[in-house]
Amino acid sequence: MDALSLIPVPDAIPVHWFWLHLLLTLTTFLHFVAMNIMLGTGFIAFSSPFWRSSEIMPLNAHIARTLPYSIAFTINLGVAPLLFLQVLYGQFLYTSSILMAVYWLSIVGLLIITYYAAYVYRLIDDRGGMGRLYIGAAVLLLFVVSFLFSNNVSIMQMPEVWTRYFSDRTGWLLNFSDPALIPRYLHFIASAVAIGGLAIALYFEIRKRRGATDGEAWIKLGCKWFTVATIINFGFGFWFLGALPAAAYNAATLGGKIFFILVVGSVVTIIPSMVSAQTGRIIPAAAWALVTVLLMTLARDILRLTYLKPYFSLAELPYVPQYSPFIVFLLAFVGAGFLVGWMLKTVWNTKEVA
Ligand code: HEM
C-alpha cells in the first residue's frame, strides 16, 4: 500500500506557518531545557551515591527539593509545543500517536507515578536506603517516557512504516526499524545528564554569589558531569548522524546545507561551554550550552522536514488568515512568561530565607 494514501488531509492554519513554526521551535527549546534539568539532576541524584556514598547527601537534598518544580515545568512547557505540533503536523502526529496508542496513553499514568515518587523522595529523610528506591523509580519512568516521545517522533516522520498497522492493529507499535531511534534517544539522555550537571553548577554558583559558602564542591561536581557526559555524547551524536538517511545532510539541498551548518554550529558552541565549565566560569558555560541546545532544536526541525519531504511541505498547508486569536495568544504568552518569572523569583527568595 502507498503510504501517501494513509496521510489524512490537513486542516487549514489561521496564520502563516512561519509564525507557528517559530513558536513550535521556541517552546520545544524551553521544553528541552526543563526536561534536561529534570532528567539530568534526577539521574545524578540517583547514581552519585553509588560511588560517593553519604557525602553526596547535602546535594541530593537540594535536588529533592527542586525536582517537583522541574517536573512541573517540563510537563507544562511540553503542552505548548504539543499544540503547535498538532497545528502544523497534526496529520502525522495524530496518526503516529494512534499507532502507538497504548504506550502514548500510558504516559499520563507514568507521569503521575513519577510525581508521587519525586514527592516522596523530597519528603522522607532517608535519601540513602529507601530514598534511592524512589529517585530510582522516578528516573527510570522518565527514561521510559523519553523513549516513548522519541518513538512517537520517529513514527510520525516515517509514514512508510504506518502500513505495519495492517498486520498489528493493537496500538503497540514501536519503530525499531528506524536505525536512528536508539542513537537519537541516547543522544537526548546524555544531553540531559550534561545539562543537569551544568544546572547543578549554575544553581550553586548563583547561591555563592548571594553569599552561600556550601557549594564549591557541587559546582566542581556539576561541571565534571557536564564535561564527561558531553564527551560521551559526541559518540552518540556521530552514531546518530551515521544512522540518518543521506538526504539529511545532502549538500545539494537547502535542508541538507542548513542541517549541516546547524550541527557544525552546535559543535563549535559546545567547545567554549566545556572550556568555560572546566575553568570555573559557569555563567558563560551555561550561556554557550543554551545556544547549543537551541541549534540542536533547530537542526531537529530541519531534519523532520527532510524526513517528510517525499510526503509534505509546510507551504502546502491550506492557509485561511485569521490573526486576532493569534495576537491574543501572544499577549497571554508574554503575560504568562512574566508571571512565571515572578513566581520563580518568589520561590527562590523564599528558599533563601528558609
Ligand atoms: C515529564 C516527562 C517528559 C520527558 C522526559 C520528555 C522528554 C522528551 C524528549 C526526550 C523528547 C524528544 C523526542 C525526540 O525528538 O526524539 C520530547 C519531545 C516532545 N515532548 Fe516531551 N517529555 C516529557 C513530557 C512531555 C509532556 C507532558 C508533553 C506534552 C504535554 C511533552 C511534549 C513534547 C513534544 C510536543 C515533543 C516534540 C517536540 C517536537 O518534535 O517539536 N513532553 N520530550
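Note that the coordinates shown come from a computational prediction; the quantities given were computed from them, not determined experimentally.

A. Structural detail: the overall build of the protein. Across its full length, the protein carries ten helices and zero strands. The secondary structure elements of the protein, listed N-terminal to C-terminal, are α-α-α-α-α-α-α-α-α-α. Among the 354 residues that make up the protein, the fraction classed as buried is 37%. In the protein, of all internal contacts separated by at least 6 residues, the share reaching a separation of at least 24 is 81%.

B. Just the site of the ligand, in detail. As a structural note, the neighbourhood of the ligand is formed by 22 residues, with Gly 78, Leu 82, Ser 146, Phe 149 and Ser 150 the closest of them. Mapped by element, the contributors of at least two residues to the shell around the ligand are helix H1 (17-47), helix H3 (57-99), helix H5 (130-156) and helix H6 (181-209). Counting residues per element, the shell around the ligand draws most heavily on H3, at eight residues. Of the residues belonging to the shell around the ligand, the class tally is 15 nonpolar, six polar and one charged.

C. Structural detail: the domain arrangement of the protein. Segmentation of the protein into domains returns domain 1 (3-322) and domain 2 (323-354). Using C-alpha coordinates to define each centre, domain 1 is positioned 23 Å away from domain 2. Counted by class, the side of domain 1 that touches domain 2 contains four nonpolar, one polar and one charged residues.

D. A look at the nonpolar core. Of all hydrophobic cores here, the largest spans 90 residues; its most connected members are Met 38, Ala 138, Val 193, Leu 198, Ala 201, Phe 226 and Ala 289. Residues within four places of Leu 198 in sequence aside, it is in contact with Gly 222, Phe 226, Ala 277, Ala 285, Ala 286 and Ala 289.

E. Spotlight on the packing of H1 against H6. Where H1 contacts H6, the two axes come as close as 7 Å, and the packing angle between them is 85°. On the basis of the axis angle, H1 is roughly perpendicular to H6. Here H1 contributes Met 35, Asn 36, Ile 37, Leu 39, Gly 40, Thr 41, Phe 43 and Ile 44 to the contact with H6, which in turn contributes Ser 191, Ala 192, Val 193, Ala 194, Ile 195, Gly 196, Gly 197, Ala 199 and Ile 200.

F. Examining the environment of Pro 8 more closely. The residue Pro 8 is located in the segment before H1 in this model. Given 10 C-beta atoms within 10 Å, Pro 8 falls into the exposed group. Placed 127 residues apart in sequence, Pro 8 and Ile 135 show a C-alpha to C-alpha distance of 42 Å. Aside from chain neighbours lying at most four places away, what touches Pro 8 is Gln 91 and Thr 95.

G. Structural view of the packing of H3 against H5. Two elements in contact, H3 and H5, have axes separated by 8 Å at closest approach and are oriented at 125°. With respect to H5, the axis of H3 lies oblique. As H3 packs across H5, the resulting crossing turns out to be right-handed. Residues Tyr 89, Phe 92, Leu 93, Ser 96, Ser 97 and Leu 99 of H3 form the contact with H5, whose own contacting residues are Asn 152, Ile 155 and Met 156.

H. Here's a closer look at the environment of Ser 154. Within the secondary structure layout, Ser 154 lies in helix H5. Looking at Ser 154, the number of C-beta atoms within 10 Å reads 22, which means it is buried. Between the C-alpha atom of Ser 154 and that of Leu 39, which follows or precedes it by 115 residues, the distance is 21 Å. The residues contacting Ser 154, other than those within four sequence positions of it, are Asn 175, Asp 178 and Leu 181.

About the cut-offs
Residues numbered from 1 in each chain as written. Predicted model: local features only at pLDDT ≥ 70, side-chain atom pairs only at ≥ 80, totals over all residues. Helix = DSSP H or I, 4+ residues; strand = E, 2+ residues; numbered from the N terminus. Buried ≥ 20, exposed ≤ 12 C-beta atoms within 10 Å, placed from the backbone. Contact = placed C-beta atoms within 7 Å. Near = placed C-beta within 6 Å. Nonpolar A, V, L, I, M, F, W, Y, C, P; charged D, E, K, R; others polar. Domains from an automatic or database assignment. Core = buried A, V, L, I, M, F, W, Y, C linked by C-beta atoms within 7 Å. Axes fitted to C-alpha atoms, helices over the stretch in contact; angles between N-to-C directions. Parallel < 35°, antiparallel > 145°, perpendicular 65-115°, else oblique. Left-handed = near helix turned anticlockwise from the far one by under 90°.

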